[in-house]
Each structure stands twice: as structure tokens, then as C-alpha cells.
Amino acid sequence: MKIQPNKRLCAVLLCVCASLAYAKTYAIVDGKPITDKDMEILKQSIPNFNYSKLSDQEKEAVINELVNRQLILKAAKTAKLDTSKEYTDIINNIKDNLLIDLWTKKQADSIQVASVNDAQIRKIYQENEGLFINQEGKARHILVKTESEAKGIIKELDKAGKRAKERFIELANEKSIDPASKQQKNGGDLGVFQRSMMHPDFSRAAFDLKPGNYSKEPVATPFGYHIIFLEHKSEPKIIPYNEAKKTIENELKMQSIQGGMMQKIQELRKKAKIEITK
């Protein structure tokens, strides 16, 4: 039997009403029910959130939190904060950032990633063996702007003799331009780090040292010139090619996408009228 349009509409409305009827209500605030939809907010912010597995005390705390949230939301709307300039500026920024993210994703998806064969990947692996070593170290460093400054600090450490570590800490606190060293006065302490976390030139110099020794020549990186004091290091473990292969492939893919994105942005810049004022 063919359902007439008005009957079809009634059937849909009945389904909607039925789903609303079965939606669990946890509380009612000034006539507004707090339902499973409100619980979804917690699921988005708390990993593995499951209301049904909470204790009665925890459930009560969650419901009261949602009640408070509803009261604050109502108070904010009563104060017309949702029409304030501050609110609309934040919303517009969120929209702009979302648009940028969506455009970037769409462009990235459209970029043809250059294919690489096993021989090319193996060549990269062999030419960069130092990058494929699992090794943990703990070190301090002093970062300065010029090579001459670094050499001057090394001379001071040479003079310190057995007090080299103590003098290193003092000089790090006095002269390092590393933000953490300047703010915390921590003697240039880098804590424990993996070899792969640092700039390759820094890692190579640091892990070539014997524990308790400092670099006798300045170590240049894009950040400046470093003097490194190695406190300890673990035994190096070479990452097998089969394990490193996927990492190399992903890195090549990211480089290809980044190159393609820069090209697209340059095309946009060519078409635009840009005036930079200082």
C-alpha cells in the first residue's frame, strides 16, 4: 500500500518523537533537559569517557558539572555576551582557522607524491646511518651567537681543569642565549633525550663525546654555536633497514607535500597585490 505524503510525514515525526522519548534525561535546568547530547560534550574532551561505568558519586559529580555548565551558558546569553565584539572576534578567528585547515587539507590531498623505489630509500638509509640509531643521552650545552664567543668559553673550561663541570654550569647560566637556560638558570641542562631528537650536527658531536667531557670545538647549528657537556649515554642500537624504511617513506612524502604546498602558496602570492609596510 502506498503511503500518502501526509502519512509519510507523520511517520517521520513519530520516529523523531519516539527517539526523544527514549533519550535519557539526567536533569532539568529551568525547563531545559540535560540529555545524552550534553554527555557527548564530555566524551569529546575526556578520552574513553563512559558514564555507565562511573560510580554513583562520580555520576552525581558529572551531572552537577553539566548543570553548572547550563547555568553559566544561560547567564552568558542573558548578559548578551554572544553578541559582544570579543565573542564575534573569537568565532571569526575559529572560522578563519577552520577554512585555512580545510583548504590546506584539500590542497595536500591533490598533490601527487613522487614515488620512490627500494633502491632510493636504501641509498638514503646508507647515507644517513647516524639518523637511524636508537641512543639515549643526557647533556648540558651553552649556546652563543658567534664562533669566537664559543671558543672563548672553551678556553675558560680548559683552565678550570677538574672543576670543568662546575665552571660549565656557571658559564651556561651567565652566557647562554638558550631561553630555558636564561629563564631557569639550570646550567644548560637538556635533560634526557634521544639521539634522533636533536639537530644531526649537535647529536653527532654530543654522542661522540665520552661522559664527563665537553666539546673542544664549537658545534654550529642553525640556532648558533654550542659547547656541549655530555653527562652519560646509552649503548647505541642501530635501527634495521626494514624498520627505518617506513620512516624514510613518510619523511619523503611529507617533503613532497610541503614542496607542493609552497608552490601553491607562491602561485597565490603571484596573483595577489601585496604591499608590506614597516
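As the structure is a prediction and not an experimental result, all values here were calculated from the model.

Regarding the overall build of the protein chain
Okay, so step 1: Along the backbone of the protein chain there are ten helices and nine strands.
Okay, so step 2: Radius of gyration (C-alpha) of the protein chain: 30 Å, far over the 19 Å computed for a compact globule of 278 residues.
Okay, so step 3: The C-alpha extent of the protein chain, read off along each of the three principal axes, is 95 × 50 × 50 Å.
Okay, so step 4: Summarising the internal contacts of the protein chain: among those between residues at least 6 apart in sequence, 65% fall at separations of at least 24.

Let's talk about a nonpolar patch on the surface
Okay, so step 1: Together, Trp103, Met262, Ile265 and Leu268 make up a nonpolar patch on the protein surface, roughly 350 Å² of accessible area in all.
Okay, so step 2: The biggest single contributor to the nonpolar patch is helix α10 (residues 241-271), with three residues.
Okay, so step 3: Residue placement: Trp103 occurs in helix α4 (residues 85-110).
Okay, so step 4: Assessed through its relative accessible area of 32%, Trp103 is described here as partly exposed.

Quick word on the confidence of the model for the protein chain
Okay, so step 1: With 92% of its residues at a pLDDT of 70 or more, the protein chain shows a mean pLDDT of 88.
Okay, so step 2: In this model residues 9-22 is a low-confidence stretch, pLDDT under 50, and it forms zero contacts with partners more than four residues away in sequence or in other chains.

Regarding the pattern of salt bridges
Pairing between side chains becomes possible if they bear opposite charge and their charged atoms approach one another.
Okay, so step 1: For the structure on display, the rule yields 19 salt bridges.
Okay, so step 2: With a shortest N-O distance of 3.0 Å, Glu170 and Arg167 are connected by a salt bridge. With a gap of three residues between them, Glu170 and Arg167 both fall in helix α7 (residues 164-175), about one helical turn apart.
Okay, so step 3: By relative accessible area, Glu170 is classed as partly exposed at 30%.
Okay, so step 4: Each of Glu156, Arg163, Arg167, Glu170, Glu174 and Lys175 takes part in one network of salt bridges that share partners.

So, how was this worked out
Residues numbered from 1 in each chain as written. Predicted model: local features only at pLDDT ≥ 70, side-chain atom pairs only at ≥ 80, totals over all residues. Heavy atoms only, no water. Helix = DSSP H or I, 4+ residues; strand = E, 2+ residues; numbered from the N terminus. Rg over C-alpha atoms; globule rule 2.2 N^0.38 Å. Contact = heavy atoms within 4.5 Å. Patch = residues over 30% accessible without salt bridge, like charges linked within 9 Å, V, L, I, M, F, W, Y side chains within 5 Å. Areas by Shrake-Rupley, 256 points an atom, 1.4 Å probe, with all protein chains shown as cover. Salt bridge = Lys/Arg side-chain N within 4 Å of Asp/Glu carboxyl O. Buried < 20%, exposed > 50% of the residue type's maximum accessible area, 1.4 Å probe, protein only. pLDDT = per-residue confidence, 0-100.

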